[in-house]
Amino acid sequence: MIMRVKIGYEKKETDVYLCYREKDEVIFFNKDKIKDIKKELYKVIKLYNFTGKREETLFSHINDKKVLVYGMEKEHSNEELRKAFSNILRLLKKNKLESVNIIPPNENEQEIKSIIEGLELTDYKFDKYMKKKEEEKEIKINLDIDKKYSNLVKDTLVVCQNVKITRDLVNENASVITPVKLEEIVKEFSKKYKLKTKILDEKKIQKENLNLLWEVGKGSSNPPRLIIAEYIGNPKSKEKIALVGKGITFDTGGTNLKPSGFVETMRMDMGGAATVFGTFKSAVELGLKKNLILVIPAAENCVSSNSYKPGDVFVSYSGKSVEIGNTDAEGRLVLADGISYVQKNFKPIEIIDMATLTGACPIALGPSLIAVMGNDENIKKKIFESGEETFDRVWELPIYDEHREMIKSKIADLKNVGGREGGTITAGAFLESFVEEGIKWTHLDIAGAAWFKAEKFYVPANATGIGVRLLIDYLRK
Ligand code: BES
Ligand code: ZN
Ligand code: ZN
């Protein structure tokens, strides 16, 4: 399916009307739009016993006009609109409609944005490897709204497109999306927009003493990379925000091998990298007035005779040494070096890292929430608000001294595991210890949110792309 969303109205095409139920009556949101067919419309509603309750639908012909009537609450959240339009898109596809006019219940920015998100994010299928693919038919969506919203429509489409690109990257085979492939993807995008990049290959990683990144990656024949790109959207300002994403292109667990039942989805362990790339790409395409540094420490965590071992001690790029308690706690290692490298060489005032970091995260917060930790209350508050707004929802976990105690080692400055209890927090505490004084740091654990077992309205099963809309909303504030 190729969906095309634009502003307009086509007289001969199907109209989609939204309505609600009040005091046993069906009421349409846009009374003036239905005035020519109002009488007939109410006749049909009566005939089919349509009551206008939530998610109730009715397809009908009125005179020469096809209409789809959809019930929802009079007072509805943006999320309810996204869900409604997710349902509506499925109905349109099922009924093989090729062009429809959509009349938003209330013509305002938030609602228009949510409607487009509901439609666009539902229109996704990773069927690259299927013999029978979705039909390549076009479906035209005409939004019956004022032309003044054209930039809003355009921008929303850009972000949705990048959510889908993020999903594609995460869904794709680990043998395709290797660290080198991630490098190529970032370079290709950067070239198009003339952005500066800095790539550290396996030789430079060793030469520069990015030892944690090297150790995690050295057991694989797909060599590690540190991938950096810079976007200066506000040249007048010296302030830069670093977006650091965990780029483990496959996580076998290493010598602490993951068992069956846990390893199958681990191509998604570059979800953090894909999400910060989707965010960075959106920011560039939208021309956001921010200075951003994209940082992807990328490696494949494999088992081989050359892999790093439990019990090893390594000195990180920062100079702090780390005892390897478990080779499956690799994400925090590559992130630690990524964070240290960007701090030293790019001097950002703020760092946001995003990672599928701990299996304990969905255990603590359920399957879809993002855990946030960090040292700046104001940023955490803003990110929480962006979570409520976008429904890429976020919940804070604390980091206290007792958690910091848990990652102490007897033979090194730190240990990469803190035991089973509070696993998401001790991972956060580990990263925190690499953050330099004065830098605003926020950590987002997307281990649950990045990958869904089952589809939920506009979020498909498998890669979700959750986090892109969240960060764009936050960066816009
Ligand atoms: N990539 C995993 C975390 C993960 C698990 C993400 C499930 C998504 C779904 C991470 O590298 C990992 O294995 N973490 C360990 C840490 C432990 C060894 C301290 C975990 O969560 O079990
Ligand atoms: Zn792991
Ligand atoms: Zn991992």
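Residues numbered from 1 in each chain as written. Chains lettered and ligands numbered in written order. Predicted model: local features only at pLDDT ≥ 70, side-chain atom pairs only at ≥ 80, totals over all residues. Heavy atoms only, no water.

## Quick word on helix H11 (residues 377-390)
For step 1, the next point in the chain: With 14 residues, H11 should cover 20 Å at 1.5 Å per step; its first-to-last C-alpha distance of 20 Å lies within 8% of that length.
For step 2, the next point in the chain: Buried residues of H11: Ile379, Lys380, Ile383, Ser386, Gly387 and Thr390, and no others. In an axial view of H11, the angular spread of the buried residues amounts to 120°, which keeps them on one side of the axis. Set apart from the buried face of H11 by more than 90 degrees, the exposed residues are Glu377 and Lys381. (Helix = DSSP H or I, 4+ residues; strand = E, 2+ residues; numbered from the N terminus. Expected span 1.5 Å × (residues − 1). Buried < 20%, exposed > 50% of the residue type's maximum accessible area, 1.4 Å probe, protein only. Arc of directions from axis to C-beta.)

## Quick notes on the pairing of strand S11 (residues 247-251)
For step 1, the next point in the chain: Most of S11 sits out of view: 5 of its 5 residues are buried.
For step 2, the next point in the chain: Where S11 lies against strand S12 (residues 291-301), 4 bridges are found, and the strand directions are parallel. The residue bridging Phe250 from the neighbouring strand is Glu300, located in S12. (Pairing = 2+ DSSP bridges.)

## Quick notes on the coordination of the zinc ion (ligand 3)
For step 1, the next point in the chain: Here the zinc ion (ligand 3) is held by Lys246 (NZ), Asp251 (OD), Asp269 (OD) and Glu330 (OE), and the distances to it run 1.9 to 2.4 Å.
For step 2, the next point in the chain: Because the angles between the 6 donor atoms bound to the zinc ion (ligand 3) fall within 78 to 175°, the donor set is best described as octahedral.
For step 3, the next point in the chain: Each donor residue of the zinc ion (ligand 3) belongs to the same chain, and together they define the spacing K-x4-D-x17-D-x60-E.
For step 4, the next point in the chain: The metal-metal distance between the zinc ion (ligand 3) and the zinc ion (ligand 2) is 3.2 Å, with Asp251 coordinating both. With Asp251 in strand S11 and Asp269 in the loop between S11 and helix H8 (271-286), this residue pair connects regions lying 18 residues apart in the sequence. An identical accessibility class is assigned to Asp251 and Asp269; each is buried. (Donors = N, O, S within 2.8 Å, 3.2 Å for Na, K, Ca; no water. Tetrahedral: all angles 85-135°; square planar, octahedral: opposite > 155°, others 65-115°.)

## Things to note about the site of ligand 1
For step 1, the next point in the chain: What surrounds ligand 1 is a group of 16 residues, the closest being Lys258, Asp269, Asp328, Glu330 and Gly359.
For step 2, the next point in the chain: Within the side chain of Lys246, one N or O atom sits 3.2 Å away from an oxygen atom of ligand 1.
For step 3, the next point in the chain: At 2.9 Å from an oxygen atom of ligand 1 is found a side-chain nitrogen or oxygen belonging to Glu330.
For step 4, the next point in the chain: Here ligand 1 loses 78% of its free accessible area of 520 Å² to cover by the protein chains.
For step 5, the next point in the chain: Applying the majority rule of atoms within 2 Å of the grid points places ligand 1 in the largest pocket.
For step 6, the next point in the chain: A class-by-class count of the residues in the shell around ligand 1 yields 5 nonpolar, 4 polar and 7 charged. (Near = heavy atom within 4 Å. Polar contact = N/O pair within 3.5 Å; in protein donor to acceptor, adjacent residues only side chain to side chain. Areas by Shrake-Rupley, 256 points an atom, 1.4 Å probe, with all protein chains shown as cover. 1 Å grid on protein atoms, 1.4 Å probe; cavity = no way out; pocket = protein on both sides within 12 Å on 5 of 7 lines; lining within 4 Å. Sits in = over half its atoms within 2 Å of the grid points. Nonpolar A, V, L, I, M, F, W, Y, C, P; charged D, E, K, R; others polar.)

## Looking at the nonpolar core
For step 1, the next point in the chain: In terms of nonpolar packing, the biggest core is built from 59 residues, with Phe280, Leu292, Leu294, Ile296, Ile370 and Leu444 touching the most fellow members.
For step 2, the next point in the chain: The leading source of residues in this core is H8, at 8 residues.
For step 3, the next point in the chain: Sequence-distant contacts of Phe280, that is, excluding residues within four places in its chain, are made with Phe189, Leu195, Ala229, Glu230, Tyr231, Leu292 and Leu294.
For step 4, the next point in the chain: Core analysis: the second largest hydrophobic core is formed by 50 residues, Val322, Ile339, Ala427 and Val435 among them. (Core = buried A, V, L, I, M, F, W, Y, C linked by side-chain atoms within 4.5 Å. Contact = heavy atoms within 4.5 Å.)

## Observations concerning the packing of aromatic side chains
For step 1, the next point in the chain: Taken as a whole and judged by the stated rule, the model has 11 aromatic pairs.
For step 2, the next point in the chain: Between the aromatic rings of Tyr17 and Phe28, the centroid separation amounts to 6.2 Å while the plane-to-plane angle is 85°, which identifies the pairing as edge-to-face. In this pair, Tyr17 is assigned in strand S2 (residues 14-22) and Phe28 in strand S3 (residues 25-28), connecting sequence segments 11 residues apart.
For step 3, the next point in the chain: A relative accessible area of 3% means that Tyr17 is categorised as buried.
For step 4, the next point in the chain: Pairing Phe430 with Phe434 gives two aromatic rings, centres 5.2 Å apart and planes at 50°, and the pair type is tilted. Residues Phe430 and Phe434 agree in their burial class; the two are buried.
For step 5, the next point in the chain: One aromatic cluster is present, built from ring pairs that chain together Phe189, Tyr193, Phe277 and Phe280.
For step 6, the next point in the chain: Lying over the aromatic face of Tyr124, Arg167 brings its terminal NZ or CZ to 5.0 Å of the ring centre. (Phe/Tyr/Trp six-rings, centres within 6.5 Å; stacked < 30°, edge-to-face > 60°. Lys NZ or Arg CZ within 6 Å of the ring centre and 35° of its normal.)

## Some thoughts on the coordination of the zinc ion (ligand 2)
Tetrahedral coordination by four donors places them ideally at 109.5 degrees to one another around the metal; octahedral coordination by six donors ideally gives 90 or 180 degrees.
For step 1, the next point in the chain: Within the protein, the zinc ion (ligand 2) binds to Asp251 (OD), Asp328 (O), Asp328 (OD) and Glu330 (OE); these donor distances fall in the range 2.0 to 2.2 Å.
For step 2, the next point in the chain: Every donor counted, the 6 donor atoms about the zinc ion (ligand 2) form angles of 72 to 170° at the centre, which fits irregular coordination.
For step 3, the next point in the chain: One chain supplies every donor for the zinc ion (ligand 2), spaced along it as D-x76-D-x1-E.
For step 4, the next point in the chain: Take Asp328: its relative accessible area is 23%, and that puts it in the partly exposed class.

## Topic: the sheet that holds strand S14 (residues 321-323)
For step 1, the next point in the chain: Taking strand neighbours across the sheet as the criterion, the 3 strands line up as S13-S14-S18 in an open arrangement whose pairing is mixed. The outermost strands of the open sheet, each flanked by one partner alone, are strand S13 (313-315) and strand S18 (414-415).
For step 2, the next point in the chain: As judged from the 3 bridges shared by S13 and S14, these two strands associate in the antiparallel manner. The residue of S14 that forms the bridge with Phe314 is Val322.

## Let's talk about the side chain of Asn30
For step 1, the next point in the chain: For Asn30, the position within the fold is in the loop between S3 and helix H1 (38-47).
For step 2, the next point in the chain: A polar contact of 3.1 Å, which involves the side chain of Asn30, links it to the backbone oxygen of Pro104.
For step 3, the next point in the chain: In this view, Asn30 contacts Ile103, Pro104 and Pro105; residues no more than four positions away in its chain are not counted.

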